[in-house]
Amino acid sequence: MRLGSFYTKTYKSMPYDVQFRSTQLLYRSGLVKLSEEGNMCYSPMGALYAKKLQDSIVERMRDFMEFKVAGGERECMAMYQQELKSYKQLPLKLFHAAASGNDDYKFKEGLFNPRQLTSLVFTAFAEEQSATQIRRELAEALRGLGSELGIKLQPLDSKDMMSLVWESKLPLKQFLKCDSCGFGGDAAYIKSGAQKYEGSEELLATEYIHTPSVGTIAQLEEFFGASAKSFIKTLIFEVGEKIVAVLLRGDRNISIGLLARHIGMEPEEIKMASEDAVMKATGAGIGFAGPIGLKADLLLCDEEVLNMKNSVCGANRTDYHIKNVTCGRDFKPDAIGVFKEARPGDACPADAGTLEALNGSEIASIEIKELKGTYLDENSREKRLWSVSVRICVERLMSAIAEENMDESGAIVWPAVFSPFEYYVIAGNVKKPEELQLAEDAYRLILESGRSALLDDRSERIGSKFIDCELLGVRGVIVAGKLASQGLVEVRDRKSGTSCEAALEELLEKLY
Ligand SMILES: [Zn+2]
């Protein structure tokens, strides 16, 4: 491609305050346009980079797709799934590209969290065993892809979901990772182990305590002279028409993600109950809710509360708490589960390890699940269908590539096989016929050898051509400049930092 006849524009600086160097560089290279509203789009040049990256990924994931699905993701997937009736049709492997809104959008995180994210989704419908096997192969393929791209992807596995996370030095999203096994995941969604109860085993009789204006956990700690761990916190939510109460240990926060999954709703359908609704459920003022005598449609209890004995909770009576409360004896929840938000220092649910914080960006994820749909196996028995799907986020991947593939001066060196251009040929001064001619010849030679190249035949100064070449991140540089009169070009490899001179006939041998 000739730069002289293509629209491209690079910038000296980025006008917005974005933390990540990758976003600044991708903006300055003119590959992406990012508006102050957090919307991004690709420039014509950026579209070439994005397309090459996506095509290269699809090429490497060939084994995981039989065909490409067009249309809305959810409806389409459901449609193909419904057509699966027999084991003979399995596995069915589909590919789908989708753009979706990003709940984690933060402007200063730039392309790691723009308003819209593009995902490449590979989904397989399969029998249970084969789904597990495909999941293993997908994880392997993604790790391989990561190393080809020069980025380390850490697999954080919570059984039904595996997150492949690029670790960041700057704050991004928090993940948790076991220090001894591979367990881990998004802190908002993983279940950590329950802490054991440390205290007397003997159950004491319950007692109402007058606690005027003592409503918050901090006030309770002071009033009772006890740690937050000895209180039962009662949280009340409105989910549609229903009142759902969740019991947690006093020092814990609720994980709306886990609650939503437990009751089969979307997180945004769960709202903190209004003051009126709380007063109706408890018959008391705010701050005195408790499980005994509570009017809730569903009373859920975090498993950690089962380990607590002789705890303090609200009495559902204004200005009163009850002490020496124990689950099972004094109240019976409708269901027990994990509803607390996992945090660093919690126990790993898979082994004896401890969860540690890991800060980064989820570049890809693999989800495996049992579906409601069924198929007939080879003995005509009805079996549940499984799906396994991997989602690769293009913008985050581009950012991580840019973060991890920089030369010594901090300019991007795009991994050559994922770049639309392996070589950047510079015609030093297009007004000098020998320089332009030599550049044209070198360019043609490279293309004829089956490699890709960009010819910078613009009437710019040579200095700005070097800058644009660096901004575009092209690894190999060929310069037809001062030595053109002797028939020599300069050949540089930006990755290794080496350079040499070459006549046209030896050019191909001297390329990296
Ligand atoms: Zn572990």
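Residues numbered from 1 in each chain as written. Predicted model: local features only at pLDDT ≥ 70, side-chain atom pairs only at ≥ 80, totals over all residues. Heavy atoms only, no water.

**Examining the environment of serine 389**
Within the secondary structure, serine 389 is located in strand S19 (residues 382-393). With relative accessibility at 18%, the residue serine 389 sits in the buried group. Through-space distance from the C-alpha of serine 389 to that of arginine 252 is 32 Å; in sequence the pair is 137 residues apart. Not counting residues within four places of it along the chain, the set of residues in contact with serine 389 comprises Val121, Phe122, Thr123, Ser365, Ile366 and Glu367. (Helix = DSSP H or I, 4+ residues; strand = E, 2+ residues; numbered from the N terminus. Buried < 20%, exposed > 50% of the residue type's maximum accessible area, 1.4 Å probe, protein only. Contact = heavy atoms within 4.5 Å.)

**So, the packing of aromatic side chains**
When we look at a pair of aromatic rings, we describe it by the centre distance and by the angle of the planes. Taken as a whole, this structure holds twelve aromatic pairs when the rule is applied. Note on tyrosine 49 and phenylalanine 421: the rings are 6.3 Å apart at their centroids and 65 degrees apart in plane angle, and the pair reads as edge-to-face. One end of the pair, tyrosine 49, is in helix H2 (residues 44-60); the other, phenylalanine 421, is in the loop between helix H9 (394-404) and strand S20 (423-427), and 372 residues separate them in sequence. Judged by its relative accessible area of 0%, tyrosine 49 falls in the buried class. You can call phenylalanine 421 buried: its relative accessible area is 5%. Ring geometry for phenylalanine 95 and phenylalanine 122: centres 4.7 Å apart, planes at 35 degrees, overall tilted. One end of the pair, phenylalanine 95, is in strand S4 (residues 92-101); the other, phenylalanine 122, is in strand S5 (residues 116-126), and 27 residues separate them in sequence. (Phe/Tyr/Trp six-rings, centres within 6.5 Å; stacked < 30°, edge-to-face > 60°.)

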